[in-house]
Every structure is written in C-alpha cells, then in structure tokens.
Amino acid sequence: MYDVAIIGGGPAGLAAGLYGARSNLKVLIIERGLPGGQMQNTLDIENYPGFKHILGPDLSAHMHQQTVELGVEWKTGEVTGVQLEGQPKVLQVGSEEVQAKAVIIASGALPKYLEVPGEKEFQGRGVSYCATCDGAFFKGKHVFVVGGGDSAVEEGMFLTQYAAKVSVLVRRDTLKAQPYLQERAFKNPKMEFVWNTVVEEILGEGKVTGVRVRNTVDGTTEVLEGDGVFVYIGFYPNSTFLQGTGVLNDSGYVITDAKMATAIPGVFAAGDVRDTPMRQIVTASADGAVAAMSAFEYIQSL
Ligand code: FAD
Ligand code: NAP
C-alpha cells in the first residue's frame, strides 16, 4: 500500500514525487514511457527558471534522479483502469493492481499532429507545437500557424512579437476562436489569414522552407514559402482511463480546484491533463508540488 500513487512521470508527476517524498510519504510513480514525459521530445528548453538553456532529456534526467535519491519508487507500465472512490484507491497496471491512499493524475496531453509528409521529418527544424517554447527562434521570419481555434489565434499573435509575418492557415472560411481573440487578431498588421486552406505537405531541405497547401473550395494546390510551421489543431488529454469517473470535462481534461483536488476525495491532478490556461514545464511542476501537498493533507486527515 502506497501513500500516493502518481500516474505519469513528466514534470508534473516528478515534482509531485519530489514534494511527496520530502513530506515522508511512500510514493510510487507509474509511467508507461521514459521519465520526463514531453520533455524527452524537446531539444531546447529556454524558459525553465534557473537554466538559460537545457536539453529536454537532461532536465528529465535531473528531475528523475532527484526523486530516486529521495526514495520515490518507479513502476514502468500503463494505467488502464482505476477505482478511485473510497479507500484504498486501486489502479490497474497491466495484470497488476496498485493500491494507494491518494492518487495524483499527471498523465499529460499530446498535441494533435497534422499527419502530412514532412511533419515528422522537420520536427525541431521548423515544425513546432509550442510558440512559447520556439517562437524566439523565428525573429524576422515568415511563419505559418495551422488551425482556427483559440490556440492558433492566441499563439499566432504571440509569434508576431518575433516573426515578420504570421500566416494562419484555416481549413474553413471562418475561425472557431472566441470573438475577442478574432477581433484582436484581425487588427494585428503582422497577422494574415489564409482561408479554406489545408496543408498537404511540409517542404524543406534540412529545415522548413514552405508548405504545399490545397484550397478546400476549388481543389487547387500551391506552394507557400516560409520558415516555420506551428501546428495548433487541438490536443488529446491522456485521460481515457478516467472515463466514467466524473472528474473530466467535455473535452476530456481533469477539473480541479486551486489545490489540485478533483471531485473525488483523495484524487488530485496536475499538469497538462488538467483544465488549465497554460501548459508548460514550469506550470506542470508547480501543479505537481501543490497536488503533493494537498495529498499529504488528505492522508493526514484519514
Ligand atoms: P507530460 O510531460 O505529457 O507527461 C505525462 C506523462 O504521463 C508521459 O510521460 C506519459 O507517458 C505518461 N502517461 C500518460 N498516460 C499514462 C498512463 N495511462 N499510464 C502511465 N503513464 C501515462 N514547455 C516548456 O515549458 N518549455 C518548452 O520549451 C516546451 N517545449 C515543448 C515542445 C514540444 C514539442 C511540446 C509538445 C511541448 C513543449 N512544452 C514546453 C510543454 C511541456 O512539455 C508540457 O507542458 C509538460 O511536459 C507537461 O507536463 P506533464 O507532466 O503535465 O505531462
Ligand atoms: P480546438 O478548439 O480543438 O481547435 C482546433 C482548431 O484546429 C479548429 O479550428 C479546427 O478546425 C482546426 N483543425 C483541426 N484539425 C485540423 C487539421 N487537420 N487541419 C487544419 N485545421 C484543423 O483546439 P485549441 O485551439 O487548441 O483549443 C483547445 C481548448 O483550449 C479549447 O477549449 C479552447 O477554448 C481552449 N483554449 C482557450 C484559450 C483562451 O481562453 N484564451 C486559449 C487557448 C486554448 P475547425 O474549426 O474546422 O474544427
């Protein structure tokens, strides 16, 4: 029986592990992949306080090592089912069951991919899913943003701080983004909207040089030249194993209060899987710390 079982070993789960262990709790992190979560796929991190630059895999290793030294246990496996009401909480990991007094859900979210030729090849070489992380690499350049929702419009405007021109490629003739964002974006002289347009291929040689697009109305294709492609077509929260528990909103994100508590006593959530306005390493880590302290208080009250 663990005090706390943490689902996911990204920055949210690792920070929760750190704070849990420092409160003398018996902590287990269950992770289906490598320690570090999405940080493992991020080459350059330049916005995590304390490091002007650090490689994602290096920051992952530092965070993981810190938890190991404090006695946090690690289990490789995927949580496929949960029994969260009452005591103990039970997690299904493969053919095994893990029991804990409290659970912290830190399973993250994954950006949706365009799934067109060139996307994988140029990831980190012009193709990005994070303007906050990579925008500064595109000073004075022409970048494309794909999508028509809040993220595409908001992140597109963020990119105008750096880029000379931001062309938003929208698959319909209207945006899905909230009206106030649309209004601001239409007033921004660096923003251009290319309507009824889908990306068929990302082009480049070593790095991105443009996109081949198709007009969805007349079917014509053309090549647009540019230096970067920011894909903002939605995210998938890693929360299918929570369906039916009542802790998810309509988009599949976990609803919490400011103490990271869900509607179920003893169940907390942290990081990108949460319904949250910002998805970054620093915010995920901070959530993890709060969740661990809330779990500690909950266990004390049992
Ligand atoms: P994640 O990092 O997604 O970790 C969740 C973990 O849970 C994963 O390891 C996953 O394998 C595991 N998991 C999921 N489901 C299960 C399950 N059922 N059972 C067991 N394990 C499970 N942020 C920055 O601050 N700076 C950057 O420079 C930056 N660059 C980025 C670049 C890219 C390409 C992307 C996609 C994101 C970037 N971000 C950056 C955002 C940042 O990586 C995330 O906000 C952060 O990793 C979220 O942390 P998390 O712990 O909530 O989730
Ligand atoms: P989203 O709301 O799901 O929007 C995705 C957008 O991408 C839609 O415009 C969609 O087109 C388009 N799209 C999907 N697949 C595509 C494809 N293959 N090619 C081209 N375009 C494609 O995702 P999001 O913008 O990331 O927002 C996610 C959630 O976070 C939303 O609830 C949003 O309100 C919230 N959010 C809020 C704020 C804020 O309040 N400031 C900021 C960011 C995000 P269609 O329009 O045709 O469906």
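It should be emphasised that the depicted structure is a prediction, and the values quoted were computed from it without experimental measurement. (Residues numbered from 1 in each chain as written. Chains lettered and ligands numbered in written order. Predicted model: local features only at pLDDT ≥ 70, side-chain atom pairs only at ≥ 80, totals over all residues. Heavy atoms only, no water.)

Chemist: Break down the overall build of the protein for me, with residues and values.
Modeler: Along the protein, the regular secondary structure elements total 6 helices and 19 strands. In summary, the protein has a C-alpha radius of gyration of 21 Å against a globular reference of 19 Å for 302 residues, a match within 12%. Each principal axis of the C-alpha atoms in the protein carries an extent, and together these give about 65 × 35 × 35 Å. The proportion of buried residues among the 302 residues of the protein is 52%. For the protein, the distance from the average site of its 25 positive side-chain charges to the average site of its 34 negative ones is 3 Å. (Helix = DSSP H or I, 4+ residues; strand = E, 2+ residues; numbered from the N terminus. Rg over C-alpha atoms; globule rule 2.2 N^0.38 Å. Buried < 20%, exposed > 50% of the residue type's maximum accessible area, 1.4 Å probe, protein only. Lys, Arg positive; Asp, Glu negative; His and termini not counted. Charge placed at Lys NZ, Arg CZ, Asp CG, Glu CD.)

Chemist: Lay out the site of ligand 1 in plain terms, naming residues and giving numbers.
Modeler: By nearness alone, 32 residues border ligand 1, and Glu31, Asn47, Cys133, Asp272 and Ile281 come closest of all. Within the backbone of Val79, one N or O atom sits 2.9 Å away from a nitrogen atom of ligand 1. Burial of ligand 1 by the protein chains amounts to 93% of its free accessible area of 1,000 Å². Elements supplying a minimum of two residues to the shell around ligand 1: helix H1 (11–22), strand E2 (27–31), strand E9 (109–111) and helix H6 (281–300). Partitioned by chemical class, the residues of the shell around ligand 1 number 13 nonpolar, 13 polar and 6 charged. (Near = heavy atom within 4 Å. Polar contact = N/O pair within 3.5 Å; in protein donor to acceptor, adjacent residues only side chain to side chain. Areas by Shrake-Rupley, 256 points an atom, 1.4 Å probe, with all protein chains shown as cover. Nonpolar A, V, L, I, M, F, W, Y, C, P; charged D, E, K, R; others polar.)

Chemist: Explain the pattern of salt bridges to me, and be specific about the residues and the numbers.
Modeler: Throughout the structure, instances matching the rule amount to 10 salt bridges. The salt bridge involving Arg212 is made with Glu200; its shortest N-O contact spans 2.8 Å. Of this pair, Arg212 sits in strand E15 (residues 207–215) while Glu200 sits in strand E14 (residues 197–205), placing them 12 residues apart in sequence. When its relative accessible area of 27% is taken as the criterion, Arg212 is described as partly exposed. Overlapping salt bridges bring together Glu200, Glu201, Arg212 and Arg214 as one network. (Salt bridge = Lys/Arg side-chain N within 4 Å of Asp/Glu carboxyl O.)

Chemist: Quick rundown of the domain arrangement of the protein? Include the residues and the values.
Modeler: Splitting the protein by domain gives domain 1 (2–110 + 235–301) and domain 2 (113–231). The distance between the C-alpha centroids of domain 1 and domain 2 comes to 32 Å. Summed over both partners, the interface of domain 1 with domain 2 comes to about 430 Å²; 52% of that surface belongs to carbon and sulfur atoms. Considering only the side of domain 1, the residues that lose the most area to domain 2 are Asp44, Glu46 and Gln280, jointly responsible for 56% of the buried surface there. The tally of links from domain 1 across to domain 2 stands at 0 salt bridges. The tally of links from domain 1 across to domain 2 stands at 0 residue pairs in polar contact (both at pLDDT 80 or more). (Domains from an automatic or database assignment. Buried area = accessible area lost by both parts, 1.4 Å probe.)

Chemist: How would you sum up the site of ligand 2? Please name residues and give values.
Modeler: Taken together, 17 residues lie near ligand 2, and Asp150, Ser151, Glu154, Arg172 and Lys176 sit nearest. Contact distances for ligand 2 include 2.9 Å between an oxygen atom and a side-chain N or O atom of Arg171. Lys176 places a polar side-chain atom, nitrogen or oxygen, 2.9 Å from an oxygen atom of ligand 2. Its free accessible area being 920 Å², ligand 2 has 69% of it covered by the protein chains. If one sorts the elements of the shell around ligand 2 by residue count, helix H4 (residues 150–159) sits on top with 3 residues. Across the shell around ligand 2, the residue classes tally to 6 nonpolar, 6 polar and 5 charged.

Chemist: Before we move on, can you summarise the sheet that holds strand E16 (residues 221–225) with the specific residues and values?
Modeler: Read across the sheet, 3 strands follow the order E14-E15-E16 without closing on themselves; strand pairing throughout is antiparallel. One side of each edge strand has no neighbouring strand; the edge strands of this open sheet are E14 and E16. Along the sheet, successive strands turn relative to each other by an average axial angle of 30°, direction set aside. When E14 meets E15, the two strands line up antiparallel, connected through 8 bridges. The residue bridging Val199 from the neighbouring strand is Val213, located in E15. (Pairing = 2+ DSSP bridges. Axes fitted to C-alpha atoms, helices over the stretch in contact; angles between N-to-C directions.)

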